[in-house]
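Structure at a glance
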Amino acid sequence: MTLLSRTVPIPGATDPMLACDTQSYLSIAAILHRETGINLPQDNSSLVVARLIKHLRRLNLATFPDFVNWINDPAHADDRARMISALTTNTTHFYREGYHFDVFVRDLLPRLKMAADRGERIRLWSAGCSSGEEVYSLAATLLHHWPEAGSVDLRILATDISADVLRTAQVAEYPRERLDPVPEAIRALMLRDAAPGAPMVRMPAAIRDLVTVRYMNFVEPWPTRGPFQAILCRNVAIYMDEAIQTRVFTGLADMLAPQGLLFIGHSERLPPSLSHRLTLIDRTTFRHI
Ligand SMILES: C[S@@+](CC[C@H](N)C(=O)[O-])C[C@H]1O[C@@H](n2cnc3c(N)ncnc32)[C@H](O)[C@@H]1O
């Protein structure tokens, strides 16, 4: 990782000490990498400053070296977790990379229905779910095309490391305009219980009941064994270095059921070591052999 050797003043700050010096930046980057696998972009202490300044102020700490000392104290694990949460990129939206949902309906859904008819359990996973837009896009799509989905043995797991986004995913309430990218019929399902014109929309219970929201960190032991018939792990590994990406994607391949689907982000690539186990069937969509 190439890192900068300059300091970046905090926007609006008058105190020149309130800048992220190189040593603090390196320490923060090392903690983030160790605890999440995320590589901070090169030469980006302005991002660190912008995202952490409110935490320095909240903790009444005057400088970044003070902050690094604080979060290195084992007694301050909560503040370290808050720092990690602040440094993760949580960008997401409903029906992001919407073609994946078409592939899901076309390729997997008929097989899921047959599996349910045979009494088999169905498990799906949104890994790195952020605030839940991805998992509720999937759950609503499923319910729209398969209204009986709620009465078979089907669960969708949604996991992330950031407590802030997990809270939103758990509550499943969003500003109405965030539903704009959702196809009309599926949006109608999401809006079923919403008061007309209400600015906030909570996903109806029938959608929420399909979903289990949990903390999970890819660089800690995985508490789930699968198998999953589909895993969406999109725009998560892209922030990690190559070795960790390989570990994550290999772990996900191990969790896939035979013929299960893995969806990754449009800028992500699977390691060559998985090419004999996963076949590309559509854009950034792979089927386990
Ligand atoms: C950019 S969001 C992607 C959200 C969604 N999958 C999508 O494509 O819209 C990336 C998410 O990955 C999560 N993440 C980052 N590192 C992680 C790790 N080590 N384990 C689990 N989740 C992680 C972040 O907290 C963030 O919410």
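Along each chain, residues carry numbers from 1 onward, in the same order as the chain's sequence is written. Only residues with pLDDT of at least 70 get local features here, since the model is predicted, and only at 80 or more are side-chain atom pairs given and counted; chain-wide, interface and lining totals rely on the full set of residues. Hydrogens and water are ignored here; the side-chain numbers use all heavy atoms of the structure.

You'll often see interface size given as the accessible area lost when the parts meet. Partitioning the chain into domains gives domain 1 (22-87) and domain 2 (99-288). Look at where the C-alpha atoms of domain 1 and domain 2 centre, and you get two points 30 Å apart. Contact with domain 1, which involves 9 residues of that partner, is made by 10 residues of domain 2. Buried area is a sum: the accessible area each of two parts loses on coming together, probed at 1.4 Å, counted once for each and added. When the two sides are added together, the surface that domain 1 and domain 2 hide from each other amounts to roughly 680 Å², 50% of it contributed by carbon and sulfur. Considering only the side of domain 1, the residues that lose the most area to domain 2 are Thr-36, Gly-37 and Ser-85, jointly responsible for 50% of the buried surface there. Only one rule defines a salt bridge in this text: a Lys or Arg side-chain nitrogen within 4 Å of an Asp or Glu carboxyl oxygen. Counting the contacts that link domain 1 with domain 2 gives 0 salt bridges. Nitrogen and oxygen atoms within 3.5 Å of one another constitute a polar contact, given that in protein one can donate a hydrogen and the other can accept it, and given that sequence-neighbouring residues count only through two side-chain atoms. For the interface between domain 1 and domain 2, the tally reads 5 residue pairs in polar contact (both at pLDDT 80 or more). Only α1 (22-36) and α4 (77-87) provide two or more residues apiece to the side of domain 1 that touches domain 2. Domain extents, as shown, originate in an automatic or database domain assignment. Contacts were defined at the residue level, with two residues in contact if any of their heavy atoms lie within 4.5 Å. Helix and strand assignments follow DSSP, with helices taken as H or I runs no shorter than four residues and strands as E runs no shorter than two, numbered in order from the N terminus.

By the bridge criterion, 3 bridges tie strand β7 (residues 256-264) to strand β9 (residues 285-288) in an arrangement that is antiparallel. Bridged to Leu-262 within β9 is Phe-286. Pairing between strands requires that DSSP locate at least two bridges from one strand to the other. Where strand β8 (residues 278-282) and β9 come together, 4 bridges link them in antiparallel fashion. What sits directly across from Asp-282, in β9, is Thr-285. Between β8 and β9, which pair antiparallel and follow one another directly, the connecting turn spans 2 residues, one of which, Thr-284, has a positive phi of 45°.

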